[in-house]
Amino acid sequence: RVVVMNSLGEARLYAILDLGYVAPAEALNAAEQLLRGGADLIQLRAKKQSIAEVHDLAAQLHRLTSAAGVPLIINDHPEIARDLPVEGLHLGQDDLPLAAARAFVRRKNCWFGKSTHSVAQAVAAAAEGADYIGFGPLFATPTKPAYAPIGIDDIRRVHALVQLPVSCIAGIKQNNLPQVLAAGPKRVVIVPGLLQNADIAAANRAAQPRLRPTYDVPPHSS
């Protein structure tokens, strides 16, 4: 059976499988729960693991995500995006320029995204040729301790200036999700707000009605 992959434009909940919050041995189980809960995209972030370890885990994850029709995005490692048929590569401000990353990966069916921390960086990433951007950190978060929170005031401005999918990130939780969505974004990234729950799938599903007012609980969610 051929599963149609979600597109960037369809994505509402961008889930990050961060091995800073999930032990590598539990990563596949966490990914399965994210998928059951309705994540539209999954990004693998592994800051402390070797490239070989990340490559092996990414290969296993991609079998799960591709079967579910959910794109898998790799954080930081263009070598993995070159060698595995993952759907995207996400880069930070201090990583390779997007043009250099595209030339290295040499895959037409791979999205390239970039983290941005200001309106100016968001506009620059769009001009650089990003397929999508992350915008934040909106709030203080241990995931991005080196960056001061930028708040939500610039969300509408970024959406007006950047004609790309924009995923707002950092410090977003169930209790502030309505506040964030009221500022205008269509897409959010939730990291510890999902991964630190005993039932990741349930936490994921709980966010869906706010992101999709017509959301129906998937039949396999029980």
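Residues numbered from 1 in each chain as written. Predicted model: local features only at pLDDT ≥ 70, side-chain atom pairs only at ≥ 80, totals over all residues. Heavy atoms only, no water.

Novice: Just give me the short version of the sheet that holds strand β3 (residues 72–75), but keep the residues and values in it.
Specialist: With parallel pairing, the 8 strands of this closed barrel are ordered in space as β1-β2-β3-β4-β5-β6-β7-β8. Neighbouring strand axes in the sheet, compared pairwise and without regard to direction, differ in orientation by 25 degrees on average. Pairing analysis gives 3 bridges linking strand β7 (residues 166–169) to strand β8 (residues 187–190), with the strands arranged parallel. Pairing of C168 across the sheet is with V188, part of β8. (Pairing = 2+ DSSP bridges. Helix = DSSP H or I, 4+ residues; strand = E, 2+ residues; numbered from the N terminus. Axes fitted to C-alpha atoms, helices over the stretch in contact; angles between N-to-C directions.)

Novice: Now, about the confidence of the model for the chain: what can you tell me, with residues and values included?
Specialist: Mean pLDDT over the chain stands at 91; residues scoring 70 or higher make up 93%. pLDDT under 50 marks residues 217–222. Its contacts with residues more than four places away, or in other chains, come to 7 contacts. (pLDDT = per-residue confidence, 0-100. Contact = heavy atoms within 4.5 Å.)

Novice: Describe in detail helix α5 (residues 119–128), supporting the description with residues and values.
Specialist: The set of residues buried in α5 consists of V119, A122 and A125. Down the axis of α5, the sector holding all buried residues measures 125 degrees, keeping them to one side. Turned more than 90 degrees away from the buried face of α5 sit A120 and A127, all of them exposed. Buried-residue contacts for α5 involve α4 (98–105), β5 (111–116), β6 (132–135) and α6 (155–161). (Buried < 20%, exposed > 50% of the residue type's maximum accessible area, 1.4 Å probe, protein only. Arc of directions from axis to C-beta.)

Novice: Could you give me a rundown of the side chain of H117, with the residues and numbers involved?
Specialist: By secondary structure assignment, the location of H117 is in the loop between β5 and α5. Side-chain polar atoms of H117 contact the backbone oxygen of G136, separated by 2.8 Å. The residues contacting H117, other than those within four sequence positions of it, are Q93, G136, P137, Y147 and I150. (Polar contact = N/O pair within 3.5 Å; in protein donor to acceptor, adjacent residues only side chain to side chain.)

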